[in-house]
Amino acid sequence: MSEFVDNGPVRAAVEWLTPEELGSWLSLVKLMTWLPWSIDQQLQHDAGLATVEYQVLACLSQSPQRTMRMSRMAVFTNASLSRLSRVVKRLEDRGLVRRETDPSDGRFTNAILTDDGLRTIEEAAPAHVAHVRSLVIDVLSAEQLRRLGSTAERILSRIDTSGVP
């Protein structure tokens, strides 16, 4: 079914979703809603961390000298600098992260994972990985998992991230 949508001076034909396409789309929407919720619930329950806090700690734990510029981390966590700053402040208050001016360029701020932060992520990771495995990895065959990753990359390549610093 094709109908017209009024987009101002240009009227564009819209190709509406078939019932099968709509069903697949709605399943994906449910997945995008419920998977992050489930992961966040697990992290809150088992480690007292929000997902974005876990992402920050994990990101820093994998970085050289457990250090990363806040602006770079914002891209990895898909958080604005102001939101990331609030997250890192909460982690700082708990002694898990500290911030310092970047010695190579004083215009930037680095987040640094403390020893307590490293212990926290090391303690949180096993239950988190087990949960991710139970929700996604173990319910798919190796081929399905490969195709899922490939499909996700194709979809991600269509998302305009030009506004991301």
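Details of the structure are given in the entry above.
Residues numbered from 1 in each chain as written. Predicted model: local features only at pLDDT ≥ 70, side-chain atom pairs only at ≥ 80, totals over all residues. Heavy atoms only, no water.

Turning our attention to a nonpolar patch on the surface. Residues L17, L22, W25, L26, L28, L31, M32, I155, L156 and I159 make up a contiguous nonpolar surface patch of roughly 910 Å² in combined accessible area. Of all the secondary-structure elements, those providing two or more residues to the nonpolar patch are α1 (19–47) and α6 (142–158). If you tally residues by element for the nonpolar patch, the top one is α1, at 6 residues. For L17, a relative accessible area of 46% gives the class partly exposed. (Patch = residues over 30% accessible without salt bridge, like charges linked within 9 Å, V, L, I, M, F, W, Y side chains within 5 Å. Areas by Shrake-Rupley, 256 points an atom, 1.4 Å probe, with all protein chains shown as cover. Salt bridge = Lys/Arg side-chain N within 4 Å of Asp/Glu carboxyl O. Helix = DSSP H or I, 4+ residues; strand = E, 2+ residues; numbered from the N terminus. Buried < 20%, exposed > 50% of the residue type's maximum accessible area, 1.4 Å probe, protein only.)

With that out of the way, let us pick up α1. Given 3.6 residues to a turn, an α-helix orients residues that are three or four positions apart in the same direction. In this model, α1 (29 residues) spans 41 Å end to end at C-alpha, consistent with the 42 Å of a helix rising 1.5 Å per residue. If you check which residues of α1 are buried, you get S38, I39, Q42 and L43. Looking at the buried positions of α1, the neighbouring elements they touch are α2 (51–61) and α5 (115–135). Of the residues trailing α1, G48 is marked for its positive phi of about 65°. (Expected span 1.5 Å × (residues − 1). Contact = heavy atoms within 4.5 Å.)

Turning our eyes to something else, we now look at the side chain of H131. Among the structural elements, H131 can be located in helix α5. Leave out the neighbours within four places in its chain, and H131 touches S38, I39 and Q42.

Bringing the sheet that holds strand β4 (residues 97–101) into the picture now. The strands making up a sheet associate through hydrogen bonds between their backbones, and the pairing can be parallel or antiparallel. Judged by pairing direction, the sheet is antiparallel, and its 3 strands sit side by side in the order β3-β5-β4 without closing on themselves. Edge positions in the open sheet fall to β3 (67–69) and β4, since each of these has one partner strand only. In this sheet, neighbouring strand axes are inclined to one another by 30° on average, regardless of whether the strands run parallel or antiparallel. One ladder, built from 3 bridges, connects β3 with strand β5 (residues 109–113); its direction is antiparallel. Residue R69 lies in a different strand from β5, and its bridge partner there is N110. Lying over the sheet, α2 contacts β3, β4 and β5, oriented at roughly 90° with respect to β5. (Pairing = 2+ DSSP bridges. Axes fitted to C-alpha atoms, helices over the stretch in contact; angles between N-to-C directions.)

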